[in-house]
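# Observations on chain architecture
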Amino acid sequence: PEATYLITGGLGSLGLELAGWMSAAGGARHFVLVSRRGEADPAAATARETLAAQGASVRVLAADVADADAVHGLVARIAEGGRPLRGVFHC
């Protein structure tokens, strides 16, 4: 529950389903959901609300995971949050 989980494609159907399952069934509490559009994606607010109702915190970030520099930046931003990155899921 004190770890962070990064889900790329996190605002797509599979990414949201995975985050919900991890939160409800697995006890995960901290997520970084990544999409190319980030907060501009209409699914972002819904994802935050749904996961918050399950007791999870969610950060939505924009990045192209095909860009190595963007991925390094993502990992650095997660490290700044103080919770260790324990899993990466590419959806």
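As the structure is a prediction and not an experimental result, all values here were calculated from the model. Note on numbering: residues in each chain are counted from 1, in written sequence order. Where totals are concerned, whole chains, interfaces and linings use all residues; where local detail is concerned, this predicted model gives features only for residues with pLDDT of at least 70, and gives and counts side-chain atom pairs only at 80 or more. Hydrogens are left out, water is left out, and the side-chain values use all remaining heavy atoms of the structure.

## Details of the packing of aromatic side chains
How two aromatic rings sit relative to each other is given by the distance of their centres and the angle of their planes. Side-chain rings of Phe, Tyr and Trp (the six-membered ring for Trp) are treated as a pair once their centres are within 6.5 Å; stacked means planes under 30 degrees apart, edge-to-face means over 60, and tilted covers the remaining angles. Per the counting criterion, the structure on display carries 1 aromatic pair. Aromatic pair Tyr-5 and Phe-31: ring centres 6.4 Å apart, planes at 45°, arrangement tilted. Of this pair, Tyr-5 sits in strand E1 (residues 4-8) while Phe-31 sits in strand E2 (residues 30-35), placing them 26 residues apart in sequence. Here's how the labels work: a residue is buried when its accessible area is under 20% of the maximum for its type, exposed when over 50%, partly exposed in between, all with a 1.4 Å probe on protein chains only. Given the relative accessible area of 18%, Tyr-5 is considered buried. Helix and strand assignments follow DSSP, with helices taken as H or I runs no shorter than four residues and strands as E runs no shorter than two, numbered in order from the N terminus.

## Observations regarding the environment of Thr-46
By secondary structure assignment, the location of Thr-46 is in helix H2 (residues 43-53). Judged by its relative accessible area of 47%, Thr-46 falls in the partly exposed class. In the structure, Thr-46 is positioned 40 residues away from Arg-86 in sequence and 24 Å away in space, judged by C-alpha atoms.

## Thoughts on the pairing of E1
The element E1 is largely enclosed, with a buried count of 5 among its 5 residues. Here E1 shows no split at all, with Thr-4, Leu-6 and Thr-8 on one side and Tyr-5 and Ile-7 on the other all buried. Pairing between E1 and E2: 5 bridges, direction parallel. By the bridge assignment, Tyr-5 is partnered in E2 with Phe-31. You can see the chain leave E1, run along helix H1 (residues 13-26) and come back into E2, and the turn it takes is right-handed. Across 5 bridges, E1 lies against strand E4 (residues 85-90) in parallel orientation. Residue pairing for E4: Ile-7 is matched across the bridge by Phe-89. The pairing criterion for strands is at least two bridges between them, as found by DSSP. Seen with its strands pointing away from the viewer, a crossover is right-handed when the path leading from the first strand over the helix to the second is clockwise.

## Observations concerning the nonpolar core
Nine residue types can take part in a nonpolar core, namely buried Ala, Val, Leu, Ile, Met, Phe, Trp, Tyr and Cys, and a core is a set of them joined through side-chain atoms within 4.5 Å. One finds Phe-31, Leu-33 and Leu-51 to be the most contacted residues of the largest nonpolar core, which totals 16 residues. Mapped by element, the contributors of at least two residues to this core are E1, H1, E2, H2 and strand E3 (57-62). Those residues in contact with Leu-33 that lie beyond four places of it in its chain are Ile-7, Gly-10, Leu-11, Leu-16, Ala-19, Ala-47, Leu-51, Val-58, Arg-59, Val-60 and Leu-61. Grouped together as the second largest cluster of nonpolar side chains are 7 residues, Val-32, Ala-63, Leu-74 and Ile-78 included. Whether two residues touch is decided by their heavy atoms; if any such pair falls within 4.5 Å, the residues are in contact.

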